[in-house]
Each structure stands twice: as C-alpha cells, then as structure tokens.
Amino acid sequence: MDATTSGTPTVQYHNIPDQPLTAIVAAPVSAFLRQVRHCFGDSTPGEFPLAANPSIVLHVLTTCNLDPQDLAKLEATCSFFRQPANFAPDYELSISELAALDMCQRRAIFKPMTDEERQSLKHRCGGSWKLVLRFLLAGEACCRREKSQAIAGPGHSIAVTSSGAVYSFGSNSSGQLGHGNTEEDWRPQQIRSLQGIRIIQAAAGAGRTMLISDAGRVYAFGKDSFGEAEYGVQGTKLVTTPQPVESLKDIFVVQAAIGNFFTAVLSREGRVYTFSWGKDSKLGHKTEPNDVEPQPLLGALENIPVVQIAAGYCYLLCLACQPSGMSVYSVGCGLGGKLGHGSRTDEKYPRLIEQFQLLNLQPMVVAAGAWHAAVVGRDGRVCTWGWGRYGCLGHGNEDCESVPKVVEALSNVKAVHVATGDYTTFVVSDDGDVYSFGCGESASLGHNTAGEGQQGNRHANVLSPELVMSLKQVNERVVQISLTNSIYWNAHTFALTESGKLYAFGAGDKGQLGIELANNQTERGNPERVDIDLN
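Residues numbered from 1 in each chain as written. Predicted model: local features only at pLDDT ≥ 70, side-chain atom pairs only at ≥ 80, totals over all residues. Heavy atoms only, no water.

Asker: What's the story with the pattern of salt bridges in this structure? I'm lost.
Answerer: Opposite charge on two side chains lets them pair, provided their charged atoms get close. Under the defined criterion, the tally for this structure stands at 14 salt bridges. As a salt-bridge pair, Lys472 and Asp433 come within 2.7 Å of each other at their nearest N and O atoms. Within this pair, whereas Lys472 is found in helix α8 (residues 469-472), its partner Asp433 is found in the loop between β22 (424-429) and β23 (434-438), the two being separated by 39 residues in sequence. Judged by its relative accessible area of 13%, Asp433 is buried. We note a salt bridge from Arg524 to Glu528, for which the minimum N-O separation is 2.5 Å. Taking relative accessible area as the criterion, Glu528 reaches 26% and is therefore assigned partly exposed. Connected through salt bridges with shared partners, the residues Glu117, Arg268 and Glu269 form a single ionic network. (Salt bridge = Lys/Arg side-chain N within 4 Å of Asp/Glu carboxyl O. Helix = DSSP H or I, 4+ residues; strand = E, 2+ residues; numbered from the N terminus. Buried < 20%, exposed > 50% of the residue type's maximum accessible area, 1.4 Å probe, protein only.)

As structure tokens, this is what we get:
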C-alpha cells in the first residue's frame, strides 16, 4: 500500500546503516548473561523482538532489489515486528541481516535445511542472508512454487491445487495421466496414488509427466526415457502411476523442465542437473539418449545459484541470481538465434546473455518456447528473441532476432508474467489483462471475434500483441497462462485466475482442455471454465 495515499508518513529507509548488534549493546555481556540478554526486552532466548521500527525490514527488502509492489505486500504481511524470532540472538550479525535470516526461516524450502546446508546456500548466494532471501523470493515469484498452477502439455494437461493435489486429463497413450491405465479421458481426475504427498511443481512433455513434492522428491510417469524425442523410439517401457525417481533421491528438487531430447531439474540450492542429450557437444557432459542419471550442468553456473529453468527445442534457459542482480544464461542448440547471443551457433556450456545489461533490464521471469524465448523485466518490459515465425516475437513481423529485443507494442503495459509455446506468446499485465501474439492455429491465441460455430479470424496469425478480449470477459484477474510448448502437437492454452478458476481454449482433440466437446468439434475458440477449483 502506498504510504502517500494511505495517509501514513513516508518512511525514509534507504540510508539506514548496517549496524551490528554489538554496536547497540552498551556494555560487554558475560558468557552467562549472553544466554539471557536480548536485543530488546527481557524475554527468553528465541523469543526476542528484533526491532521496533518497520523501516528496518524495508531496508532489508530494498537491499534485496525487490519490486515496489512486492515490498508493499511483504510489509503488510510480515510479522517480523510483532512475533518472536525463530532463533537466539546473534551478536555478530547486523539488524538487517538478522531480519533477513528471520524471513528466510519462514520460507518453506529453507525450513528443513540443516545449519550446514544453510551456510552453504549463504556462501553460494554471496555471503549474505539478504542475498539468500532475494534468491528464495525470486524462485517463489517466477515459478508459482506452492501455489495453484496449470500445465498445458503436449496432448495432456496437469493441474495442481494450492493444497498440493494433482489432477490430470487428456492423451494417455503412455500412461502420462498417472491413473494406472492408458485410457484417454477429458474429465479431470485426481491422481489418487499421491494422497498424502503435497505436490508443489509439475512439468509435462510428450508422453511424460514429472511432479515435485514439498519434500523435494521427484515423481515421474509415462514414457520411461528421460531424453527421447517427441516421436523417438527409445523408452518402450510405460509407467502408468507416479514413481519416485531414485537417481534424484539425494537431490532436493524444486523445479523440472522437459525439453526435446532432454530433461532438466533445479535443486533448492540453485544447481541445475540434466538427463540425456549430453554427448559432450550439447550440454557439456557425456550421456546416452536413455540415460537416467542426472548430470550437473557444467560451466559458468556451477557456482552461481539459479532460480528458474525453462526448456525448449534442444536448448535450456537459466534465470540466475547474483549479488549484482538477476541474469539469464542459455545453453544448447542455437538455430534460429534462440540462445540470444547474436549468432545461431550452439553453446556447449551456459553462456550469459549480455544484451540485458545493454538494455538496463533486470530479468525476473524467463520462458522458453519451441524456437523462441521471452523475458519479463523488473520494470515490466518484455523482451523476445529467436525465430519470429508467425509473429511470435510481437515485433510486427516474422523476422528472427538473435538477441533479446524489447516488445515496443507493450511499452504502456507493465508485464508480470510471460508464457511461450510453439510460435505463440502470451503476456500477463500487473492488472490481470492478457495479451497474445503469434500462430493462431487451433484458436489457441484466444482472439475469437466470430461466433463459436464460425471460423472468423480466430485462426489468424497475430504479428503484434493484442488484448485477449475473451479473457477480459471473465471479469477476474488472470495470474498465470500456460500453453503447449511442442512442435508436434496442436496447441491449447490455460488461463488461471486469482481465485483459482481455470479456463481453457484451443485444441481439445485428445481431451486436453478438460471440457467435453461435441462430436464434430476439435477445439474451443472461447475460454471455457474447467470443472476444477484449484484453490
């Protein structure tokens, strides 16, 4: 909430010094007294209030480079000043470091970590609890971690509720729905074998699904090969119910991304591991096509924490969190310029995309389409690059862009979320409006000016961003868009609203929309409500 509009005096917090607690305590404290002496008051160890002024936490959050809206939300909800801290006082830390550590302790991923693991993460993030806090918050923001989400996979779909229940529907030829059979079903069905396990993330590929629990375990079902192509011959064994991936049991995983020929996972410490498609010239390590052992991604990101990964056709994008700010690295196949380095050459090891520094843009969300990619900056600008076929880059043409380029048509829009698919892009603004552009096949862009039974222009390609009026009629704020990222399947799209309502449109020939179609229908042009409450 803006202090200037609420009548509350503006708090000046930018120049608050980082004072260690030893500078606040007037006299030396004996070893005995240190057990009962506290920053303020005389409560018992572990129950001391760390500060009495909200300017302290604003200082912490400001040094974490958070968006002003995030600052306001955190200021409104933080109980740092009203409740006991989660630890005994540390006289070696400054007040702002103590505040950051206290807020880290409240993050779900941080809570189960041992002291050794926490110190290792602190060192990896740059030696500061404020940097650890920024790392944790950035991961939560860009991945909807532990929030409801919908995944529009190739031919099948996955929906995760805010409580961690999982629903699946659509194509099931490989058992990718996880119901113990290979029967196609348009009706969303809960995966019963996961009862008692809270799922926080999901990924869907052709004939394959991966789920991640709040305990960091990965469950996979469908085709058993991690690295097969969309229509590859590997992976003849089918897994029809979720099974834990044993090779990942010693890695606490927080995100998975399924690309063509490979799969990548992200650990809670920000390390990236890949399965298959190595061959030494691809991802910097040697693997076989059906390799089921995770291999660490070598090169520049070995010592830099990553908060988000995104996989496309034979390439991987990594959103990294460094003391100097957020950055994007890319690795893999460079055809179409989709790696963003100004060329079309392959990259064996992750390479920094330098263009964002020249644009003075801090990346906050990254999306990898089949042949193009997109980023949302902290200031709300959107950049796209790669193969611009059908206008999927939003620059008014079909040209390729080998470095990130700002979408000027969205200059008056503050974006907060972006999603990319097969030559299709969606952007969500901070007020919940949705814009789309690119390939109009299967009516997956949502631009349907004609009636439902007519063709109209809903299949037309869109070269520049257009407001999706059909979602405007939902009269509710959209918080997430997901669309099919595959060159082999007709695309469908999900729009998730703030209250947990899910709307679907586009191709539905395999039941992937979660709604029943008439006998002569294969798609829906207008968003239709899916019968699931994700909240």
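Okay, back to it.
Asker: In this structure, what is going on with the nonpolar core? I would like to understand it.
Answerer: Taken as a class, soluble globular proteins show a tendency for nonpolar side chains to be buried jointly. Core analysis: the largest hydrophobic core is formed by 68 residues, its most contacted members being Phe110 and Ile481. For this core, the element with the highest residue contribution is helix α6 (residues 129-143), accounting for ten residues. When residues of this core are sorted by domain, at least three fall in each of domain 1 (54-141) and domain 2 (143-227 + 236-447 + 459-529). When neighbours within four sequence positions are excluded, Phe110 is seen to be in contact with Leu101, Cys104, Gln105, Arg118, Leu121, Trp129, Val132 and Leu136. Listed in part, the 30 residues of the second largest apolar core include Phe252, Leu283, Val331 and Tyr423. (Core = buried A, V, L, I, M, F, W, Y, C linked by side-chain atoms within 4.5 Å. Domains from an automatic or database assignment. Contact = heavy atoms within 4.5 Å.)

Asker: Could you clarify how one ought to interpret the packing of helix α5 (residues 115-125) against α6 in this entry?
Answerer: Helix packing geometry: the angle between the two helix axes and the distance between the axes. Where α5 contacts α6, the axes come no closer than 8 Å and their chain directions differ by 90°. Relative to α6, the element α5 lies roughly perpendicular. From α5, Arg118, Gln119, Leu121, Lys122 and Cys125 reach across to α6, where they touch Trp129, Leu131, Val132 and Phe135. Across the contact of α5 with α6, the residue classes tally to six nonpolar, one polar and two charged. (Axes fitted to C-alpha atoms, helices over the stretch in contact; angles between N-to-C directions. Parallel < 35°, antiparallel > 145°, perpendicular 65-115°, else oblique. Nonpolar A, V, L, I, M, F, W, Y, C, P; charged D, E, K, R; others polar.)

Asker: Honestly, the pairing of strand β17 (residues 363-368) in this entry has me stumped. Any pointers?
Answerer: Strand residues, when the strand is regular, have side chains that alternate between the two faces of the sheet. Across the six residues of β17, five count as buried, placing the element largely inside the fold. Summarising the sheet, β17 and strand β18 (residues 372-377) pair through five bridges and their orientation is antiparallel. When the sheet's bridge partners are listed, Val366 is paired in β18 with Val375. Joining the antiparallel neighbours β17 and β18 is a turn of three residues. (Pairing = 2+ DSSP bridges.)

Asker: It is not clear to me how the environment of Ser173 should be interpreted in this structure. Could you clarify?
Answerer: Summarising the element assignment, Ser173 is placed in the loop between β3 (166-170) and β4 (185-190). For Ser173 and Thr240, which are 67 residues apart along the polypeptide, the C-alpha to C-alpha distance reads 9.7 Å. Setting aside anything within four residues of it in sequence, one finds Ser173 in contact with Thr182 and Leu238.

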